[in-house]
Amino acid sequence: MNHLNRACSSRRLAISLGFGLLARVSTSAFAQQGPYPNKPVTLILPYAPGGTIDMQGRLLAQGLTAKLGQPIIVRNMPGATGAIATDFVARAQPDGYTLLFASSAQTTSVPLTDKVNYKMEDLTTVSASGRGAMILAINSSLQPKTLAEFIDYAKANPGKISYGSAGTGSVGHLVGALFAARAGIDVVHIPYKGGGPVMQDLLGGQIQMMFGNSGEILASAKNDRLRILAVSTPQRMKQLPNMPAVAEVIPGFEMTAWQGTLAPARTPRAVIDLVASAIMSLSKTPAVVERMEGWGVESTTTTPEQMLANIRAELPIYTDAIKAAGLSK
């Protein structure tokens, strides 16, 4: 796909996201069901258990259960970098009883890099609740101790370093590919079905490198089989003050990941507002802020419109990453 086609694809995706937001309309069928929620709500998670999405999703479900007065049932539905879960929710009844806890990958990178069955106008934004860095970590059996040393080591060993991600087109895949392109190194990507399995293989030495969500990496930071080298945010993380930003070695490098909730398009606006208000209230509670900070994730509060604006704003960054990494569909 050439640059013009990519630009057009990004514009179409942004327009589609707008359609999804505008498609929220109340239905008479919903009105007949009584006040929402009057039965359990299912929260679909697009990755396997053990990663940051899983941890945040379960924390969100616990909080929403208390705030909405109905059980929030968590269901992991991994595969195709979250496309299977996203398609499931996109086709679900738009009544607020099936929600998706997703990341940038499901709304941005996957639709831009792979053929998916869902269209973005099939979904609508609810609220983003987290944003964090991607952290570069390697297996400690490798010689390099710093980011600059690792780049030199990779250049001297082309094709001999493999890195894992939660799947093709995931944020971890794209930030790793963009890093490789900007650093001028040749590394091999290995896709998984979630961050948890990637971390297991990194610690086991089956792969040598990963750009993981902060929660995944920080949870294993004290493991002597893991060596953290850098973070993808423009500045250093306060949880890792001694670890440089990649931008300190590769000027201009930046990539972060958000996490948030989406619903099927045409979900009644009253339901969207109720769930969004509950999520925003939950995200401000000290216990949640502290828990998220421990995972290296910034607890955020956004309205549906603000979440949509954030997705639109990151489109150019991901388009550039896809172009640099040669991952266009």
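Note that the coordinates shown come from a computational prediction; the quantities given were computed from them, not determined experimentally.

A closer look at the overall build of the chain
Scanning the chain for helices and strands turns up twelve helices and ten strands. Here the chain holds 329 residues, and 58% of them are scored as buried. Expressed as a percentage of contacts within the chain between residues at least 6 apart in sequence, the contacts between residues at least 24 apart total 79%. Of the accessible surface of the chain, which amounts to about 13300 Å², a share of 53% is contributed by carbon and sulfur atoms.

Things to note about helix H8 (residues 195–204)
Among all positions of H8, only Gly195, Gly196, Val198, Met199, Leu202 and Leu203 are buried. One side of H8 holds all its buried residues, which, seen down the axis, span an arc of 160°. Tucked into the core, H8 has its buried residues touching strand S4 (123–139), strand S5 (161–165), strand S7 (209–213), helix H9 (214–218) and strand S8 (226–231). Positive phi shows up at Gly205, right after H8, with a value of about 85°.

A look at the layout of surface pockets
Of the pockets and cavities examined, the largest pocket occupies roughly 330 Å³. Surrounding the largest pocket, 17 residues form its lining, Arg131, Gln239, Gly296, Val297 and Glu298 being those nearest its centre. Elements supplying a minimum of two residues to the lining of the largest pocket: S4, helix H11 (286–294) and strand S10 (297–299). Taken together, the residues of the lining of the largest pocket sort by class into five nonpolar, seven polar and five charged.

A few points about helix H5 (residues 104–113)
Burial of H5 is extensive: ten of the ten residues sit out of reach of the surface. Within H5, the full set of buried residues consists of Ser104, Ala105, Gln106, Thr107, Thr108, Ser109, Val110, Pro111, Leu112 and Thr113.

Comments concerning the environment of Gln259
The topology assignment puts Gln259 in strand S9 (residues 256–264). Judged by relative accessible area, which is 2%, Gln259 ranks as buried. The sequence separation of Gln259 and Ser104 amounts to 155 residues, and the corresponding C-alpha distance is 6.9 Å. Setting aside anything within four residues of it in sequence, one finds Gln259 in contact with Ile53, Gln56, Phe101, Ala102, Ser103, Ala128, Ser129, Gly130, Arg131, Asn213 and Val297. Within the structure, the side chain of Gln259 is placed 3.0 Å from the side chain of Gln56, a separation counted as a polar contact. Reaching out from Gln259, the side chain makes a polar contact with the backbone oxygen of Ala257 at a distance of 3.4 Å.

What about the nonpolar core?
Judged by nonpolar contacts, the single largest core of 82 residues is most densely connected at Leu43, Phe150, Phe179, Ile185, Met209, Phe211 and Val246. Sorting elements by how many residues they give to this core places helix H7 (residues 171–183) first, with eight residues. Apart from the residues within four sequence positions on either side, Phe211 is in contact with Met134, Ile135, Leu136, Gly172, Val175, Gly176, Phe179 and Val246. In terms of nonpolar packing, the next biggest core, distinct from the first, is built from 18 residues, Ala137, Leu202, Ile207 and Met210 among them.

Reading guide: rules and limits
- Along each chain, the written sequence defines residue order, and numbers are assigned to residues from 1.
- Selection of residues for local features in this predicted model requires a pLDDT of at least 70, selection of side-chain atom pairs for listing and counting requires 80 or more, and totals for whole chains, interfaces and linings are taken over all residues.
- Only hydrogens and water are set aside when side-chain values are computed; all heavy atoms of the structure are taken into account.
- In this description a helix means any DSSP run of H or I spanning at least four residues, a strand means any run of E spanning at least two, and both kinds are numbered starting from the N terminus.
- Each residue gets one of three labels from its accessible area relative to the maximum for its type: buried under 20%, exposed over 50%, partly exposed in between, using a 1.4 Å probe on protein chains only.
- The contact rule is simple, with two residues in contact once any of their heavy atoms fall within 4.5 Å.
- What sets the accessible areas is the Shrake-Rupley method with a 1.4 Å probe; for residues, cover comes only from the shown protein chains.
- Taken from the helix axis, the directions to the C-beta atoms give the arc we talk about.
- For each structure, a 1 Å grid was placed over the protein atoms alone; sets of points admitting a 1.4 Å probe that cannot get out are labelled cavities, open sets with protein on both sides within 12 Å along at least five of seven lines are labelled pockets, and lining residues have an atom within 4 Å of a point.
- Grid points are joined across faces, edges and corners, and a volume is the space filled by probe spheres set on the points.
- Three categories are distinguished: nonpolar for Ala, Val, Leu, Ile, Met, Phe, Trp, Tyr, Cys and Pro, charged for Asp, Glu, Lys and Arg, and polar for the others, with Gly belonging to the last.
- We call two N or O atoms a polar contact when they sit within 3.5 Å, provided that within protein one can donate a hydrogen and the other can accept it, with sequence-adjacent residues counted only if both atoms are side-chain atoms.
- In plain words, nonpolar cores are sets of buried Ala, Val, Leu, Ile, Met, Phe, Trp, Tyr and Cys residues tied together by side-chain atoms within 4.5 Å.

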